[in-house]
Amino acid sequence: MKIQKFEDIIAWQKSKDLILLLYTLFRTNKDYSFKDQLLRAAVSIMNNIAEGFERYSNKELKNFLFIAKGSCGELRSMLYLALAVELHYLTQEEYDKTNELSLEISRLLSGFIKTL
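Let me sum up the structure you'll find in this document.

Cut-offs and rules
Residues numbered from 1 in each chain as written. Predicted model: local features only at pLDDT ≥ 70, side-chain atom pairs only at ≥ 80, totals over all residues. Heavy atoms only, no water. Salt bridge = Lys/Arg side-chain N within 4 Å of Asp/Glu carboxyl O. Helix = DSSP H or I, 4+ residues; strand = E, 2+ residues; numbered from the N terminus. Buried < 20%, exposed > 50% of the residue type's maximum accessible area, 1.4 Å probe, protein only. Expected span 1.5 Å × (residues − 1). Contact = heavy atoms within 4.5 Å. Axes fitted to C-alpha atoms, helices over the stretch in contact; angles between N-to-C directions. Parallel < 35°, antiparallel > 145°, perpendicular 65-115°, else oblique. Left-handed = near helix turned anticlockwise from the far one by under 90°. Nonpolar A, V, L, I, M, F, W, Y, C, P; charged D, E, K, R; others polar.

Another point: the pattern of salt bridges. A complete count under the given rule lists six salt bridges for this structure. Here glutamate 104 makes a salt bridge to lysine 14, at a shortest N to O gap of 3.2 Å. Of this pair, glutamate 104 sits in helix α4 (residues 92-115) while lysine 14 sits in helix α1 (residues 10-25), and the two are 90 residues apart along the sequence. For arginine 40, the salt bridge identified is with aspartate 36, shortest N-O distance 2.9 Å. Of this pair, arginine 40 and aspartate 36 both sit in helix α2 (residues 32-54), four residues apart, roughly one helical turn. Under the relative-accessibility criterion, arginine 40 is labelled exposed at 55%. Among the charged side chains, a salt-bridge network with shared partners connects Glu51, Arg55 and Glu60.

What follows deals with α4. For α4, which comprises 24 residues, the first-to-last C-alpha distance of 35 Å matches the rise-based estimate of 34 Å (1.5 Å per residue) to within 8%. Turning to α4, its buried residues number three or more, namely Tyr95, Thr98, Asn99, Leu101, Ser102, Ile105, Ser106, Leu109, Phe112 and Ile113. Where α4 is buried, its residues meet α1, α2 and α3 (58-83).

Another point: the packing of α3 against α4. Orientation of α3 relative to α4, taken along the N-to-C sense of each, is 165°, at an axis distance of 10 Å. Here α3 is positioned roughly antiparallel relative to α4, judged by the angle of their axes. When you trace α3 past α4, the crossing you get is left-handed. Across the interface between the two elements, Leu61, Lys62, Leu65, Phe66, Ala68, Lys69, Cys72, Leu75, Arg76, Leu79, Tyr80 and Leu83 from α3 touch Gln92, Tyr95, Thr98, Asn99, Ser102, Leu103, Ile105, Ser106, Leu109, Ser110, Phe112 and Ile113 from α4. Of the residues that constitute the contact of α3 with α4, the class distribution is 15 nonpolar, six polar and three charged.

Shown next, in the form of structure tokens:
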């Protein structure tokens, strides 16, 4: 299947799903600074995929995919903190689900980068 728009990119689709899940999980969280940073990292993944694709240059797309991949790492770091006993913003099950989705997106991005 030829990718004709950024919405066709599976990593973008999965990152949208992840963001919606995170917004649901953190809807009532009162640690606004933490929540803002976590959600910004998640949104950055999706938006960098879209922005890179819209540049119509494989070189620029690749750079934006690397940025999106970096945001995946930042998000996983934040998720780890959210699970931590000190914060306990997520249950183990919520952490496992969001972390695995983030890892899947990161793998998809790596594969996409390699094909460019």
